[in-house]
Every structure is written in C-alpha cells, then in structure tokens.
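# Observations on the model geometry
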Protein chains: 2
Amino acid sequence: MRIALLQTAGDPQNRPAANLDRLEEAAARAAADGARLLVAPEMFLSGYNIGAQAAGVAAETVDGPSAARAADIARRHGIAICYGYPERGEDGAVYNSALLLDRDGKSLLNFRKTHLFGDLDRAMFAPGPGTAEIAALDGYRVGILICYDVEFPEAVRALALGGADLVLVPTANMTPYDAVSLFVVPARAFESELYVAYANRCGSEGELDYMGLSCVGNPNGGNLVLAGDGEELVFADLDPERLRQARLLNTHMRDRRPEIYARQLGDR
Amino acid sequence: MRIALLQTAGDPQNRPAANLDRLEEAAARAAADGARLLVAPEMFLSGYNIGAQAAGVAAETVDGPSAARAADIARRHGIAICYGYPERGEDGAVYNSALLLDRDGKSLLNFRKTHLFGDLDRAMFAPGPGTAEIAALDGYRVGILICYDVEFPEAVRALALGGADLVLVPTANMTPYDAVSLFVVPARAFESELYVAYANRCGSEGELDYMGLSCVGNPNGGNLVLAGDGEELVFADLDPERLRQARLLNTHMRDRRPEIYARQLGDR
C-alpha cells in the first residue's frame with residue numbers, strides 16, 4: 001500500500017476552509033500517484049499553536065462540518081485520509097484529536113491525544129482516555145497516536161498487542177526534538193514490529209519552529225523515508241511481505257516478559 | 001565521569017585467563033586516559049557462541065575465581081569494571097550474567113539476562129528473573145541489562161523508574177541488527193532520560209558476525225559516541241549537568257500515564 005504524508009505549514013491564517021483546500025489538493029496529488037492513504041499533521045484543520053480560546057472556537061464534533069467535507073474529499077479522490085483537528089467532545093471538553101476516514105468517506109477511527117505536551121497542550125486540551133482502537137484498511141490493521149504519544153513506547157505497545165500493522169501519527173514537532181524522527185520513530189517500528197507514519201508540520205507558529213522530518217518507521221530498521229524541512233508530499237510503499245519478514249527476524253513481541261513488567265511497571 | 005567500552009572479539013580460543021589479560025590491558029589503558037568505569041561485552045569471559053556444554057564448563061559462581069581476578073584488576077588499576085560471563089547459579093542453572101565491580105574490587109551488582117535471544121541463548125542459559133537493581137557509582141545510579149534486554153523499552157523503564165542515570169549493556173549483537181546501535185539505544189536514552197552504555201563484541205564466532213558499533217546513548221538525543229566495526233577502546237564523557245538539562249527538556253518520565261498502561265499492558 002502506498003501512503004502519503006502531507007508535510008505542510010498549513011494556512012497562515014489558520015482558516016479551516018483554506019486548510020481543507022490544501023487537503024483536497026494533496027489528496028488529488030497523492031491519489032494520482034497511487035497512494036491509498038493520506039496523513040496530515042496534528043491540528044491540521046485549525047493550526048496548533050493557537051491558544052485555548054481559538055482552539056475552543058475552532059473545535060468541532062467528530063461528525064462536524066469539516067469532517068463532512070474531509071469525507072467528501074476522501075470519497076471524490078478515492079483515498080483514505082487521517083488529519084488532526086480540535087474536537088469538541090460530547091462532554092463539552094476540547095480534545096487534540098485525529099480522525100481517520102476511509103476512501104468511501106466513512107469514519108473508521110477517532111483518537112484523542114493521551115500524552116499532553118507541556119503547557120502548550122494543557123492550556124488548550126483535555127487529555128484523551130488512552131484508547132488503543134484499531135481499524136482495518138486495505139488489509140492493514142491501523143491505529144492512531146498523536147505527536148508526543150508516540151514517544152512513549154507503552155502507547156505503541158498497546159497498539160501492537162492489539163495487532164496493529166501501522167500506526168498513524170499526525171504531529172507538530174518542533175526544534176530541538178529532531179531525535180523523535182531520527183531515532184524514536186525507527187525504534188518504535190523495530191521494537192513493536194509495525195510501520196509508523198509520522199506526518200509533521202513545517203514552518204513556524206509563534207515561537208515554535210517545526211522541523212519537518214516527516215518519516216515512516218520501518219519494522220526492518222530505520223526509516224523508509226525521511227522528509228526535509230519544507231513543504232512536501234512524502235510517499236512510502238508499505239509491503240505486507242516485508243512486514244511479515246520483519247516479524248520473523250525480529251521477535252520482540254513474542255519474547256516480551258509481561259509477568260515481569262506487571263510487577264515492575266504495572267502500578268507505576 | 002569518563003567511561004570506556006571494550007569492543008573486542010576476545011581470545012580466539014575463548015580462554016578465560018586470556019580474556020582476563022585483555023581486560024587488564026584495557027583497564028590499564030582506560031584508567032590512564034581518565035576513565036572511571038570499563039564495560040566489556042556479553043559473555044566476555046568465555047566467548048558467547050560456544051554452545052551449552054562449553055558454557056556449562058566455563059560457568060562460575062558470582063564470586064568465582066575469575067570474579068576474584070577481575071576484582072584484583074579493578075583494584076590495581078583503580079577503575080570500576082562490568083563484564084559478561086556464564087554464571088553458575090545457586091540453583092545449579094547457568095545464566096548469561098554481567099557483574100559490576102567498583103574500583104575497590106567490591107561487587108556492586110550481578111544481573112542475569114532476562115530476555116533470552118532465540119535458540120542460541122535458550123540452548124545455553126536459564127532466563128533471569130527480571131531484577132532492576134541499582135547501585136551507586138561516582139554519583140551515578142547504575143543498572144545493568146544484557147544485549148537483547150535493552151531492545152525492550154519495558155526493561156529500561158523499570159530501571160528509570162528506580163532512578164537509574166546510567167544503564168550498562170554488555171552485548172554480543174550481530175548482523176543484521178545494526179538498528180539497535182543506530183536507533184534503539186539512542187531512543188532508550190531519550191525516552192527514559194538516562195545514559196545507555198552499549199559495549200559490543202566485534203569479529204566472528206561461528207556463523208555470527210558481530211558488527212561492533214558500541215555506543216553510548218545520550219539523553220539529549222543520539223549517541224555520544226559510536227564505534228566502528230573493529231577492536232576499539234571507546235571513550236565517552238558523562239556529564240551530570242547535561243543529564244539534568246536533558247531531564248528538564250525531556251519530560252517523558254513525568255508525563256507517563258501509568259494508570260492507562262496498567263489497563264492496557266498490565267496483564268499481557
């Protein structure tokens with residue numbers, strides 16, 4: 001399965017309609033090049049570093065008008081889409097969420113960021129409950145994490161234990177944290193025997209400089225692809241046979257010692 | 001604190017006395033260059049790929065004659081030493097172990113490999129019980145893992161939760177697993193906010209080709225040092241102030257959500 005990552009700064013004025021235009025343009029290009037899935041960054045719809053008030057204003061329910069337009073884009077271009085947005089929960093709280101739509105525009109997964117990053121996230125969002133839901137897409141079992149979540153091996157393990165083959169990670173990662181693309185994403189793919197698609201922002205928002213470096217962690221080691229620091233549509237080809245071979249060579253999931261972890265980690 | 005990693009193929013005939021001679025030579029060189037700790041590879045004393053019978057013959061108790069000579073080396077050269085050896089347990093079983101001696105020759109830690117690697121390890125060794133003991137050395141809180149253990153984020157987390165600043169990892173890592181030095185060790189250091197000293201074998205033993213690439217994972221990202229593929233004494237300078245700064249910048253340990261992990265991972 002070919003996938004595409006939309007590395008972008010997004011609309012300078014953070015207008016959802018303008019960002020959906022960008023999403024549509026990227027979906028058309030990605031589909032034309034054979035991609036079956038497009039992953040956009042964290043808080044793609046509204047911008048990320050926008051403050052609590054703006055996040056509250058921009059927040060939509062999981063089936064809000066922007067989700068409806070994204071579903072229409074998916075349907076018209078025949079490509080599954082995952083993108084980040086501020087979600088107004090049924091409880092009234094605002095979550096840092098990502099939605100996955102299939103190429104018929106049907107909602108497959110909605111994930112709420114579980115590990116909030118610093119004052120930035122905490123000022124805007126309530127933390128997600130730590131779901132580890134998995135959906136089927138083109139024969140792959142797919143889960144979602146958002147940005148900082150993937151830096152916690154525990155979060156990827158939970159998806160791997162549920163059988164995930166591919167973890168989608170909309171992100172908004174800024175300097176100086178290039179270690180995430182260079183080391184952490186490849187390590188997650190290797191140690192949990194799955195693909196990790198990490199789609200970052202680029203450009204700047206206020207004091208934040210996003211470094212790009214969108215990448216796809218390879219269960220065979222390293223990154224399948226690593227982007228530069230600018231606007232880019234990044235392609236990678238996932239291969240079920242290479243995934244199968246990685247799982248023969250890398251036996252981490254089989255060799256875990258959960259009875260030890262329960263004792264050492266279970267209550268902390 | 002300056003540390004040294006002894007990357008070596010060891011004695012071609014796997015004679016413990018000859019390997020202890022190598023250890024002494026390395027201890028002298030490391031101490032002369034200011035190192036306070038020398039880490040040698042997994043099964044350094046006897047060779048690693050030697051089969052169950054030879055491992056049983058070579059196995060010594062934790063306070064056996066080789067440990068006594070290593071303690072003497074530590075004392076005479078004024079350098080702490082960690083090295084791998086086949087241990088005869090009090091239960092009669094043979095473990096893949098590593099011993100840490102301080103520079104007075106006193107035993108600080110003995111660790112038994114917990115995650116056995118494939119048929120190779122399982123033919124020779126009983127699995128360790130998954131201890132996460134920590135000792136104080138030069139103001140650092142130090143733990144031990146062996147080779148494959150460090151590929152499990154859970155094992156490093158257990159030490160980090162116990163307050164470790166530095167994890168010593170005698171290893172015998174072979175092609176094609178260079179992803180461990182290149183990605184996994186740096187990721188462990190970053191995500192668990194500690195130094196990881198990974199001391200590998202080089203050369204060949206039977207069908208195994210060790211790739212060297214001994215390294216020291218840096219909590220600030222990447223490796224402090226990464227060796228080549230041949231015989232080498234590798235130095236790295238650990239810095240408590242840089243470790244402190246890494247822990248201010250990287251907030252993973254504070255931001256974990258253990259109540260979620262207990263539910264998702266605790267019973268698996």
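## Topic: the sheet that holds strand β14 (residues 232-237) of chain B
All names here are of chain B. On the basis of which strands lie adjacent, the open sheet formed by six strands has the order β5-β4-β3-β2-β1-β14 and mixed pairing. Strands at the two margins of the open sheet, each flanked by one partner only, are β5 (107-112) and β14. Within the sheet, the average angular offset between the axes of one strand and its neighbour, ignoring direction, is 25°. Two strands pair when backbone bridges link them, and strand β4 (residues 94-101) and β5 are joined in this way by five bridges, in the antiparallel orientation. When the bridges of β5 are listed, L100 appears paired with L109. Docked against the sheet, helix α1 (residues 16-32) engages β1 (2-7), β2 (37-39), β3 (80-88) and β14, running at close to 40° with respect to β14. Its contacts with the sheet put helix α3 (residues 65-77) on β3 and β4, and the angle it makes with β3 is roughly 180°.

## A word on the pairing of β3(B)
Residues and elements named next belong to chain B. Most of β3 sits out of view: eight of its nine residues are buried. Pairing of β2 with β3 involves three bridges; the strand directions are parallel. Looking at β3, one finds that V39 is bridged to C82. Note that β3 and β4 share eight bridges and pair antiparallel. Residue pairing in the sheet places G84 in a bridge with A98 of β4. From the end of β3 to the start of β4, which pair antiparallel, there are five residues, and G92 there has a positive phi angle of about 90°.

## Some words on the relation of the copies chain A and chain B
For the match of chain A to chain B, the screw axis carries a shift of 0.0 Å, the RMSD comes to 0.0 Å, and the turn is 180°. Taken together, the turn and the small shift mark the pair as related by a two-fold rotation axis.

## A word on the pattern of salt bridges
All names here are of chain A. For the coordinates displayed, the defined rule picks out 46 salt bridges over all chains. Put simply, R188 and E191 hold a salt bridge, and the shortest N to O gap is 2.8 Å. Placement of the pair is R188 and E191 together in helix α6 (residues 179-192), with a separation of three residues, close to one helical turn. By relative accessible area, which is 0% here, R188 ends up buried.

## Observations concerning the interface of chain A and chain B
Counting residues at the interface gives 48 residues for chain A, matched by 48 residues for chain B. Regarding the contact of chain A and chain B, the summed buried area is about 4,100 Å², with carbon and sulfur atoms giving 57% of it. Counting across the chain A and chain B interface gives eight salt bridges. One can count 28 residue pairs in polar contact (both at pLDDT 80 or more) joining chain A with chain B. Of all elements in the fold, only α5 (153-161), α6, α8 (252-255) and α9 (258-265) of chain A reach the threshold of two or more residues within the side of chain A that touches chain B. For the side of chain A that touches chain B, the element with the highest residue contribution is α6(A), accounting for ten residues. Considered class by class, the residues forming the side of chain A that touches chain B number 25 nonpolar, twelve polar and eleven charged.

Calculation rules
Residues numbered from 1 in each chain as written. Chains lettered and ligands numbered in written order. Predicted model: local features only at pLDDT ≥ 70, side-chain atom pairs only at ≥ 80, totals over all residues. Heavy atoms only, no water. Pairing = 2+ DSSP bridges. Helix = DSSP H or I, 4+ residues; strand = E, 2+ residues; numbered from the N terminus. Axes fitted to C-alpha atoms, helices over the stretch in contact; angles between N-to-C directions. Contact = heavy atoms within 4.5 Å. Buried < 20%, exposed > 50% of the residue type's maximum accessible area, 1.4 Å probe, protein only. Least-squares fit on C-alpha atoms with pLDDT ≥ 70 in both. Salt bridge = Lys/Arg side-chain N within 4 Å of Asp/Glu carboxyl O. Buried area = accessible area lost by both parts, 1.4 Å probe. Polar contact = N/O pair within 3.5 Å; in protein donor to acceptor, adjacent residues only side chain to side chain. Nonpolar A, V, L, I, M, F, W, Y, C, P; charged D, E, K, R; others polar.

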